[in-house]
2 protein chains.
Amino acid sequence: MNIQHIARSKTAKTAAFSTLFSVFKILMLVRELKMDLRTMILGHFLVISLALNVGFLYRDYCKGNRHYQEFFGSKNECKNASVTLLEASPQPFSSSSSSKAFDGIIDLDHGDPTMYEKYWQQMGDKATVVINGWQFISYFSDVRKVCWFLEPEFANAIIRLHKLVGNAITEDRYIVVGTGSTQLFQALLYAVSPPNSSEPISVVSAAPFYSSYPLITDFLKSGLHKWAGDAYTFNKDEPYIELVTSPNNPDGFPRQAVVNQKQGILIHDFAYYWPQYIPISSPADHDIMLFTVSKSTGHAGSRTGWALVKDIEIAKKMTEFIVLSTIGVSKDSQIRAAKILQVVSDSHQYKGDFKEGQAFFERNYSHMARRWKQLRDAVNMSKLFSLPDFPTSSCTFSGHTFGSQPAFAWLKCEGEIDDCESFLRGHKILTRGGKHFGSSEKYVRISMLPRDETFNQFTERLSSISSS
Amino acid sequence: MNIQHIARSKTAKTAAFSTLFSVFKILMLVRELKMDLRTMILGHFLVISLALNVGFLYRDYCKGNRHYQEFFGSKNECKNASVTLLEASPQPFSSSSSSKAFDGIIDLDHGDPTMYEKYWQQMGDKATVVINGWQFISYFSDVRKVCWFLEPEFANAIIRLHKLVGNAITEDRYIVVGTGSTQLFQALLYAVSPPNSSEPISVVSAAPFYSSYPLITDFLKSGLHKWAGDAYTFNKDEPYIELVTSPNNPDGFPRQAVVNQKQGILIHDFAYYWPQYIPISSPADHDIMLFTVSKSTGHAGSRTGWALVKDIEIAKKMTEFIVLSTIGVSKDSQIRAAKILQVVSDSHQYKGDFKEGQAFFERNYSHMARRWKQLRDAVNMSKLFSLPDFPTSSCTFSGHTFGSQPAFAWLKCEGEIDDCESFLRGHKILTRGGKHFGSSEKYVRISMLPRDETFNQFTERLSSISSS
């Protein structure tokens, strides 16, 4: 993981400048005005100056200064507080920092979905969860279910959301909860691999495939399963597991199974099959389907995902895996995820309880649309890069007709740039190179889900590369 | 996992009887009194009756009826609510259910620490956690730490608690958080196993060892490590990993490493090294030490544990494992665990803010002492069973001098009973047999941490076996 450098020295300089300027102005005014006004004006300017200083300090703290965090509390609290503070304090002079382009490292290698913070801040306390000290002490949630550590509230919220969005069939399925869909993927490998085979079963996925698949499949050198590469080139007459991610990570295209042989077991990963990213064409209806909270609502820190599984034996073995791996899944996370999913559903079904434009998928559909337009504008100005073109289709949920606006941009460096990741790294933009996805180094995967500030810095930097 | 049967039919009968009795009384009063009092008294009795019925319904729901749970919400909320409700409603007749011995299945196979619910209920809102919708969205907590998904609040709470209790040295150590110490154990196997060896490294532990160790070590048929059994019989001249659990699970005795060869890597599991279970002799000071929230405060449902690790390379590899396994650890759980650990520390350091007798370790030390006395009394009456005897020593934290009162009882069936698990199963007491721990079938492990009601039912049943 790479660290985004923070211009703390710039903030400190701004704070110092602000204070000195204010002191100078006060002295000038004292000289010009009568004594009985002096105190009043002194106070006025002192307040302005102090407010600016506190604003700068908060911005510094919010960008990651650990000492301030320990003093003030959670870093995330400052999002609202700093906005409030900076808006409240009068600005007698414009900050010189806002007009100068950001020149630090922009890290878009990983899909950290912090874009969603803004939406959830605007929701205020609607999605607040209160957990009392005596709650969720037991390992067990509902011992009559196959997945006995699945909280019923979470199961209900999942079913409701799928019914609302129409992106998956939930009837006649077992729900298995996991610590992210990452854990569920591993639970599935365990569940569907032949337990007593002399050779590990092959695991394939069509390139470009999710870069974590090979790592996760092989990192324990398991005797049960092994990574066998690109599904397009798999032609062995033996059992296999094919991972189908749709829309695909990294390139955003909808996907079908590729190998299509008789001995295959298909695992469908629908992490991004939500209407802010892609039109919903029909409810997904496969035997094994994965979803994650991280990419549907943005709450990656909660580490919660779910699988919809038809076969009870697979559900049992997945449960067995998760018990051995982590003795179930955090109930605190499940309860929180349940609340958040319910609020998402409520924002569409009970619009009267929400402000205008707060329907979750509608708001974030618009947000993604703006971002993709912004990115395409930055790319179209260049002759250096290109992006995939997505065919438009109609979304059965929203009614919008649009082309995919995926959570990742699969950017290609055109012309003579063969190693796109290195090229962009030279411009202090961190991305994940195509080779990690079984593809050409001319491609990189770029996260479309950072905070607005970072995304704007990125498109601005990309434009500047193009024009240089 | 076995299910504890619930006498729902008994509850329904009670509810029906209560209603009929109330109706009868109302009719009698109506006949006796004047018309203008009728309404008042009707209303009075109706309220009594309704209150009783609601109380019964709540009790039924709290014992696990899924339909009620879906309607009312979380099962755990009823703990306080039902107590309040039943205390408020007058009881015109005594319940016949309380005087008859419970004859259902008593499941003490697993260490579900629900004993702690009562303490945390009494703490009221002191340990309540409020999480807002915009918080903890990111995957990242503190990117400047080796374990970048560790929440600083949690790290601080851990350090404070260890300092207070004096049960572990935290200086010059890296903290790695895990989804329970179960995940951390696996992270450690990954971190310390040679990555490129032609043979998996041997993993041993002295019998009786924790029954999950062999399962967790081998369930993925990893090429990195393999279970090699009882440490007492391990004598190969090759690298090995020894797991030292102290106090031991299942038998409660303090433990040292057993193999003591040069090529060994020691993993110390201190899940139970807390002053409610065993006197604290000195701060644990080993290179690799595991702890878990589940057994220190009782919050097993949160799935949170931590490792104190001296070697940065081991900490890095553990972090790598947890990233591949679950992309970090739920921040909701960490924040909750932080709060709970802080309250535990506060209950000792700021006693004025708490009621008499609410210091966490003191209260639970007394609770465990009462339970062990109760169990020993039940066992001493018999000639069928025996329990370990623990030497007394002084606790540096509490000042108490006592013998271990572990979270599990390592019960032996004496005489001609060779299969203790089957014998007790015949009396509808579910335990875990000694063979799972690499020991004799004359032993069973019994959880000492269920709710009071279950524990009382258990000792009563055990006494009845002894006297038959």
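Okay, so let's go over this structure. (Residues numbered from 1 in each chain as written. Chains lettered and ligands numbered in written order. Predicted model: local features only at pLDDT ≥ 70, side-chain atom pairs only at ≥ 80, totals over all residues. Heavy atoms only, no water.)

Section: the overall build of chain A
Here is step 1 of the chain: Summing up its helical and strand segments, chain A has 14 helices and 16 strands in all.
Here is step 2 of the chain: Across chain A, contacts joining residues at least 24 apart in sequence account for 72% of those joining residues at least 6 apart.
Here is step 3 of the chain: On chain A, roughly 19,700 Å² of surface is accessible, and the fraction owed to carbon and sulfur atoms is 55%. (Helix = DSSP H or I, 4+ residues; strand = E, 2+ residues; numbered from the N terminus. Contact = heavy atoms within 4.5 Å. Areas by Shrake-Rupley, 256 points an atom, 1.4 Å probe, with all protein chains shown as cover.)

Some thoughts on the relation of the copies chain B and chain A
Here is step 1 of the chain: Once turned by 180 degrees and shifted 0.0 Å along the axis, chain B lies on chain A with an RMSD of 0.0 Å. Such a turn and shift between the copies fits a two-fold axis.
Here is step 2 of the chain: Taken together, the interface assignments show that 98% of the residues at the interface of chain B recur at the interface of chain A, consistent with an identical surface on both copies. (Least-squares fit on C-alpha atoms with pLDDT ≥ 70 in both.)

Structural notes on the sheet that holds strand 7 (residues 264–269) of chain A
All names here are of chain A.
Here is step 1 of the chain: One open sheet holds the seven strands; their spatial order is 3-9-8-7-6-4-5, and the pairing between them is mixed. Lying at the two open borders of the sheet, with one neighbouring strand each, are strand 3 (174–178) and strand 5 (225–230). Shown here is a sheet whose adjacent strand axes are inclined to one another by a mean of 25 degrees, direction ignored.
Here is step 2 of the chain: In this structure, strand 7 lies alongside strand 8 (residues 288–292), joined through two bridges in parallel fashion. What sits directly across from His268, in strand 8, is Met289. (Pairing = 2+ DSSP bridges. Axes fitted to C-alpha atoms, helices over the stretch in contact; angles between N-to-C directions.)

Description of the state of the cysteines
Residues and elements named next belong to chain B.
Here is step 1 of the chain: Counted according to the given criterion, the structure contains two disulfides over all chains.
Here is step 2 of the chain: In this model Cys413 forms its disulfide with Cys420; the gap between the sulfur atoms is 2.0 Å. On the S-S bond that ties Cys413 to Cys420, the torsion sits near 60 degrees, and the link is right-handed.
Here is step 3 of the chain: Residue Cys413 is classed as buried on the basis of its relative accessible area of 0%. (Disulfide = S-S within 2.5 Å. Buried < 20%, exposed > 50% of the residue type's maximum accessible area, 1.4 Å probe, protein only.)

Quick look at the sheet that holds strand 10 (residues 385–386) of chain B
Residues and elements named next belong to chain B.
Here is step 1 of the chain: Sheet architecture is open: four strands sit in the order 10-13-16-15, paired in antiparallel fashion. Edge positions in the sheet fall to strand 10 and strand 15 (432–433), since each has one partner strand and no second.
Here is step 2 of the chain: Packing of helix 12 (residues 360–380) onto the sheet brings it into contact with strand 10 and strand 13 (408–413), and relative to strand 13 it is tilted by some 5 degrees.

Remarks on the packing of aromatic side chains
Here is step 1 of the chain: One pass over the structure, following the stated rule, counts 62 aromatic pairs over all chains.
Here is step 2 of the chain: A ring pair is formed by Tyr210(A) and Tyr213(A), whose centres lie 5.1 Å apart and whose planes are at 80 degrees; its orientation type is edge-to-face. Like Tyr213(A), Tyr210(A) is buried.
Here is step 3 of the chain: Through a chain of ring-to-ring contacts, the aromatic side chains of Tyr116(A), Tyr119(A), Trp120(A), Phe154(A), Phe270(A), Tyr273(A), Trp274(A), Phe291(A), Trp306(A), Phe360(A), Phe361(A) and Phe397(A) assemble into a single cluster.
Here is step 4 of the chain: Positioned above the aromatic ring of Phe354(B) is the side chain of Lys126(B), whose terminal nitrogen or guanidinium carbon lies 5.0 Å from the ring centre.
Here is step 5 of the chain: Against the face of Tyr190(B) rests Lys317(B), its NZ or CZ located 4.5 Å from the ring centre. (Phe/Tyr/Trp six-rings, centres within 6.5 Å; stacked < 30°, edge-to-face > 60°. Lys NZ or Arg CZ within 6 Å of the ring centre and 35° of its normal.)

A closer look at the interface of chain B and chain A
Here is step 1 of the chain: Listed per partner, the contact involves 81 residues of chain B and 79 residues of chain A.
Here is step 2 of the chain: Across the chain B/chain A interface, buried area totals approximately 6,800 Å², and carbon plus sulfur atoms make up 56% of it.
Here is step 3 of the chain: There are two salt bridges connecting chain B and chain A.
Here is step 4 of the chain: Between Arg336(A) and Asp332(B) there is a salt bridge, with its nearest N and O atoms 2.9 Å apart.
Here is step 5 of the chain: Connecting chain B to chain A are 45 residue pairs in polar contact (both at pLDDT 80 or more).
Here is step 6 of the chain: Sheet analysis places strand 2 (residues 129–131) of chain A next to strand 2 (residues 129–131) of chain B, joined by three bridges and oriented antiparallel. Note on strand 2 of chain B: the bridge partner recorded for Val130(A) is Val130(B). (Buried area = accessible area lost by both parts, 1.4 Å probe. Salt bridge = Lys/Arg side-chain N within 4 Å of Asp/Glu carboxyl O. Polar contact = N/O pair within 3.5 Å; in protein donor to acceptor, adjacent residues only side chain to side chain.)

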